[in-house]
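Chain by chain, the residues run as shown.
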Amino acid sequence: MAIDEIKVYNGSCPEIRNEFINCDFENENCGFIPEDNKDVIWKRYMTNDVSEQYIYDASNYYNGHFVALDFGLVKNVIGKSLLYSPIMEPTETTCVSFAYYLKTDSSNTKLNIYASQANYFELIQSYSQNSYAEKWYKVYLEVQQEQKWNLVFEGEYNGTSSGILAVDDVTIYNGACKQYTRCDFEERCEWESVYGRGVSKQVNAFWKRMRGDDLYPKITDHTLNRVQGYVLALVNHEKRKSQNIKLNAMY
């Protein structure tokens, strides 16, 4: 038995039928299309394919994927590069969430977020580099659109010659944003088994964070769809009568 991709929402859960896009870029671009640009364009990368060293994806997985502008592959560029989402239906309120990573040699590098209708671009939010912080930032935005529209990520740069601007874990759904705590077990997430903490010693199994290829039979995890991914597995060392095993979340 294994568990993966736990999400705990504030309030009620969003309706799955209202979900427009849910993309971690592990297997595809999810319909996102880059605008042609002679200098630098948005591409889907694996973490070890970019010029920036020791970067993980937004799920903290070293061999994960994301879309990015890699300025280490160009020299001293000035301009803008656009990435368009698929066309979405009008809604009274739409939640847009994503993670971004911005670390370059220029303080003029920005990530601009637009809602686009035909040739009209409405600026939703803009993000600048934050003191060369090497981390992913999670963003939640609420958008109102009366016509069909695209979400647009714009990388704006001026004299940038190294570093990276990346986007990952894009989710767009109809309704207000419902922030959540997520655990895909690629990192520990502070979950721990209560085995050995006042639980009867007759219990012969416990929950453990494990790689899919360490289980028998081997399994692929839900997050990465690979045997190298991690899940929360129920480990049973002895063939005894099954018992209820508890799991405790520490926050």
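- The chain has the name MAM and LDL-receptor class A domain-containing protein 1-like protein in an unreviewed UniProt entry, where Leptotrombidium deliense is given as its organism.

1. Some points on the overall build of the chain
Phase 1 of the analysis: On a plain count of helices and strands, the chain comes out with zero helices and 18 strands.
Phase 2 of the analysis: Split into buried and exposed, the 251 residues of the chain put 45% on the buried side.
Phase 3 of the analysis: Counting only contacts in the chain whose residues sit at least 6 apart along the sequence, the fraction spanning at least 24 positions is 77%.
Phase 4 of the analysis: Entry remark: accessible area of the chain is about 13900 Å², with carbon and sulfur atoms responsible for 45%.

2. Focus: the pattern of salt bridges
Phase 1 of the analysis: Inspection of every chain in the model, using the stated rule, returns four salt bridges.
Phase 2 of the analysis: Of the charged contacts in the structure, one is a salt bridge between E52 and K103, with a shortest N-O distance of 3.1 Å. Taken as a pair, E52 in the loop between β5 (43-46) and β6 (65-70) and K103 in strand β8 (residues 91-104) lie far apart in primary sequence, 51 residues in all.
Phase 3 of the analysis: K103 gets classed as buried once you look at its relative accessible area, which sits at 18%.

3. Some details on the confidence of the model for the chain
Phase 1 of the analysis: Taken residue by residue, the chain gives an average pLDDT of 81. The fraction at 70 or more is 81%.
Phase 2 of the analysis: The weakest mean pLDDT in the chain belongs to strand β18 (residues 247-249) at 45; the strongest belongs to strand β4 (residues 33-34) at 96.
Phase 3 of the analysis: Taken together, the stretch residues 247-251 has pLDDT below 50 and engages in 16 contacts with residues farther than four places along the chain or on a different chain.

4. Description of the state of the cysteines
Phase 1 of the analysis: All chains considered together, the criterion is met by two disulfides.
Phase 2 of the analysis: Shown here is the disulfide that connects C23 with C30, its sulfur atoms set 1.9 Å apart. On the sign convention where negative means left-handed, the S-S torsion of about 75° between C23 and C30 marks this disulfide as right-handed.

5. A few points about the layout of surface pockets
Phase 1 of the analysis: When its volume is computed, the largest pocket comes out at roughly 530 Å³.
Phase 2 of the analysis: What lines the largest pocket is a set of 25 residues, among which A58, S59, N60, D169 and E187 lie closest to the centre.
Phase 3 of the analysis: Secondary structure elements with two or more residues in the lining of the largest pocket: β8, β11 (137-145) and β14 (180-183).
Phase 4 of the analysis: By residue number, the principal contributor to the lining of the largest pocket is β14, which donates four residues.
Phase 5 of the analysis: Grouping the constituent residues of the lining of the largest pocket by class yields 14 nonpolar, three polar and eight charged.

6. Some words on the environment of G72
Phase 1 of the analysis: Relative to the helices and strands, G72 resides in the loop between β6 and β7 (77-84).
Phase 2 of the analysis: Separated by 32 residues in the primary sequence, G72 and T104 place their C-alpha atoms 8.9 Å from one another.
Phase 3 of the analysis: What G72 contacts, discounting residues up to four positions off in sequence, is S51, S161, S162 and G163.

So, how was this worked out
Residues numbered from 1 in each chain as written. Predicted model: local features only at pLDDT ≥ 70, side-chain atom pairs only at ≥ 80, totals over all residues. Heavy atoms only, no water. Helix = DSSP H or I, 4+ residues; strand = E, 2+ residues; numbered from the N terminus. Buried < 20%, exposed > 50% of the residue type's maximum accessible area, 1.4 Å probe, protein only. Contact = heavy atoms within 4.5 Å. Areas by Shrake-Rupley, 256 points an atom, 1.4 Å probe, with all protein chains shown as cover. Salt bridge = Lys/Arg side-chain N within 4 Å of Asp/Glu carboxyl O. pLDDT = per-residue confidence, 0-100. Disulfide = S-S within 2.5 Å. 1 Å grid on protein atoms, 1.4 Å probe; cavity = no way out; pocket = protein on both sides within 12 Å on 5 of 7 lines; lining within 4 Å. Points joined across faces, edges and corners; volume = space filled by probe spheres on them. Nonpolar A, V, L, I, M, F, W, Y, C, P; charged D, E, K, R; others polar.

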